[in-house]
Amino acid sequence: MNNKITVKMPALSKNEALARSVVAFFAVELNPTIDELGDIKTAVSEAVTNSVVHGYPNGNPGNITITAEIENEDLHIVIEDDGVGIEDIDAARQPFFTTGKEEDRSGMGFTIMETFMDNLFVENKADGGLKVTMIKSLKRKIQE
C-alpha cells in the first residue's frame, strides 16, 4: 500500500509555509537529500502561491487541497484549488508570463516547478479551478 496524505487549507499566503513544510516532512520517508527537500519545498511554495495569487484574484479566498503520495520511490504532489483556473495553460507555462501586476510577479512559477521536479502536469478542473501535479523521483543510485 502506498503512503498518502491530504491536507485542505484556506488559500491564504500565510499558509504557504505550512504547505511546503507538511509535504517536506512527508517526503522524509524517502530519505531525500537536503537539496531534494529544498527542491520539493520550492516547487510546493510556487504552486501554492500561484493558487493564492492567481486562483482567487478578487481577494475572496477559497481552498487549496494538497495531496502527497509515495509510489515506490516517487513522490507525487497534487495541489488543487477551486479558483478561476487558467485561460491559456500553454502561455502560462512560458517564462515571465503573469496575470498579476508585472511589478509584483516574476512570471516564473511554472518554470521553477518544472526545474525542481521531474514531471509537471497542469490542468483546469472540469468544475472550476486548477490541478497541478508534480512528481519527484527520489531513487537512490547504488554505488558500485
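Preceding this section is the structure that the text describes.
Keep in mind the model is a prediction, meaning the values are calculated, not measured.

Student: Explain the sheet that holds strand 2 (residues 63-71) here, please?
Tutor: By way of backbone hydrogen bonds, the strands of a sheet pair with one another, either parallel or antiparallel. Ordered by their spatial adjacency, five strands build an open sheet running 1-2-3-5-4, and the pairing between neighbours is antiparallel. Each having just a single partner strand, strand 1 (3-10) and strand 4 (119-124) make up the two edges of the open sheet. Each strand axis lies, on average, 10° off the axis of its neighbour in the sheet, ignoring direction. The strands touched by helix 1 (residues 16-27) are strand 1, strand 2 and strand 3 (74-81); relative to strand 1, the strand with the most contacts, the crossing angle is about 175°. Docked against the sheet, helix 2 (residues 34-55) engages strand 2, strand 3 and strand 5 (130-137), running at close to 15° with respect to strand 3.

Student: Would you explain the packing of helix 1 against helix 2 in this entry?
Tutor: Any two packed helices are characterised by the angle at which their axes cross and by the distance between the axes. Helix 2 packs onto helix 1 with a crossing angle of 145° between their chain directions and a minimal axis gap of 9 Å. Helix 1 and helix 2 meet at a crossing whose hand is right-handed. For the pair helix 1 and helix 2, the contacting residues are Glu-16, Ala-19, Arg-20, Val-23, Ala-24 and Ala-27 in the first and Leu-37, Ile-40, Lys-41, Val-44, Ser-45, Val-48 and Thr-49 in the second. Within the contact of helix 1 with helix 2, the residues separate by chemical class into eight nonpolar, two polar and three charged.

Student: For this particular structure, what's the right way to read the pairing of strand 2?
Tutor: The side chains of a regular strand alternate between the sheet's two faces. As paired strands, strand 1 and strand 2 are joined by eight bridges and run antiparallel to one another. Within the sheet, the bridge partner assigned to Lys-4 lies in strand 2 and is Glu-69. Pairing of strand 2 with strand 3 involves eight bridges; the strand directions are antiparallel. Each residue of the ladder has a partner; that of Glu-69, found in strand 3, is His-76. The hairpin turn running from strand 2 into strand 3, its antiparallel successor, is two residues long, and Asn-72 in that turn takes a positive phi close to 55°.

Student: I would appreciate a short explanation of the nonpolar core in the present structure.
Tutor: Nonpolar side chains in soluble globular proteins generally cluster together in the buried interior. In this structure, Val-44, Ile-66, Leu-75, Ile-77, Ile-79 and Met-134 are the most contacted members of the largest nonpolar core, which totals 33 residues. Listed by contribution, the elements that provide at least two residues to this core are helix 1, helix 2, strand 2, strand 3, helix 4 (109-116), strand 4 and strand 5. With seven residues, helix 2 is the single largest residue contributor to this core.

Student: Mind showing me how you'd approach the side chain of Glu-69 here?
Tutor: As for its placement among the helices and strands, Glu-69 is situated in strand 2. It is Lys-4 that comes nearest to the buried, bridge-free Glu-69 among opposite-charge side chains, at 4.4 Å. Of note is the side chain of Glu-69, whose polar atom sits 3.4 Å from the side chain of Asn-2. Filtering out sequence-adjacent residues up to four positions away, Glu-69 remains in contact with Asn-2, Asn-3, Lys-4, Phe-26, Asp-74, Leu-75 and His-76.

Student: Can you walk me through helix 1 in this structure?
Tutor: With twelve residues, helix 1 extends 17 Å from end C-alpha to end C-alpha; this agrees with the ideal 16 Å at 1.5 Å per step. Of the residues making up helix 1, those classed as buried are Glu-16, Ala-19, Val-23, Ala-24, Phe-26 and Ala-27. Seen from one end, helix 1 has its buried residues packed into an arc of 160°, which puts them on one side.

Student: Even after reading the chapter, I still don't get the environment of Ile-112, so can you show me in this structure?
Tutor: Following the sequence through the fold, Ile-112 ends up in helix 4. Among the residues examined, Ile-112 registers a relative accessible area of 23% and is labelled partly exposed. Separated by 65 residues in sequence, Ile-112 and Ala-47 have C-alpha atoms that sit 9.6 Å apart. Residues within four places of Ile-112 in sequence aside, it is in contact with Thr-42 and Glu-46.

The rules behind these values
Residue numbers restart at each chain and count upward from 1, following the sequence in its written direction. In keeping with the predicted nature of the model, local features appear solely for residues at pLDDT of at least 70, side-chain atom pairs appear and are counted solely at 80 or more, and the whole-chain, interface and lining totals rest on all residues. With hydrogens and water excluded, all non-hydrogen atoms of the structure serve as input to the side-chain values. The criterion for strand pairing is that DSSP finds at least two bridges linking the strands in question. Numbering of helices and strands runs from the N terminus, with a helix taken as a DSSP run of H or I at least four residues long and a strand as a DSSP run of E at least two residues long. All axes here are fitted lines through C-alpha atoms, helices being fitted over the stretch that makes contact, and every angle between N-to-C directions spans 0 to 180 degrees. The contact criterion used is simple: two residues touch if any of their non-hydrogen atoms lie within 4.5 Å. Crossings are sorted by hand: turned counterclockwise from the far helix by less than a right angle, the near helix makes the crossing left-handed, and turned clockwise it makes it right-handed. Residue polarity is assigned by list, with Asp, Glu, Lys and Arg as charged and Ala, Val, Leu, Ile, Met, Phe, Trp, Tyr, Cys and Pro as nonpolar; anything else, Gly included, falls into the polar class. For our purposes a nonpolar core is just a set of buried Ala, Val, Leu, Ile, Met, Phe, Trp, Tyr and Cys residues, chained together by side-chain atoms within 4.5 Å. Exposure classes here rest on a 1.4 Å probe applied to the protein chains alone. A residue is buried below 20% of its type maximum, exposed above 50%, and partly exposed in between. For the purpose of charge, His is not counted, nor are the chain termini; Lys and Arg are scored as positive and Asp and Glu as negative. Any Lys or Arg side-chain nitrogen located within 4 Å of an Asp or Glu carboxyl oxygen qualifies as a salt bridge. Between N or O atoms, a polar contact is any pair within 3.5 Å; within protein, one atom must be a potential hydrogen donor and the other a potential acceptor, and residues adjacent in sequence are included only when both atoms are from side chains. Multiplying one less than the number of residues by 1.5 Å gives the expected span of a helix. Here the arc refers to the directions that run from the helix axis out to each C-beta atom.

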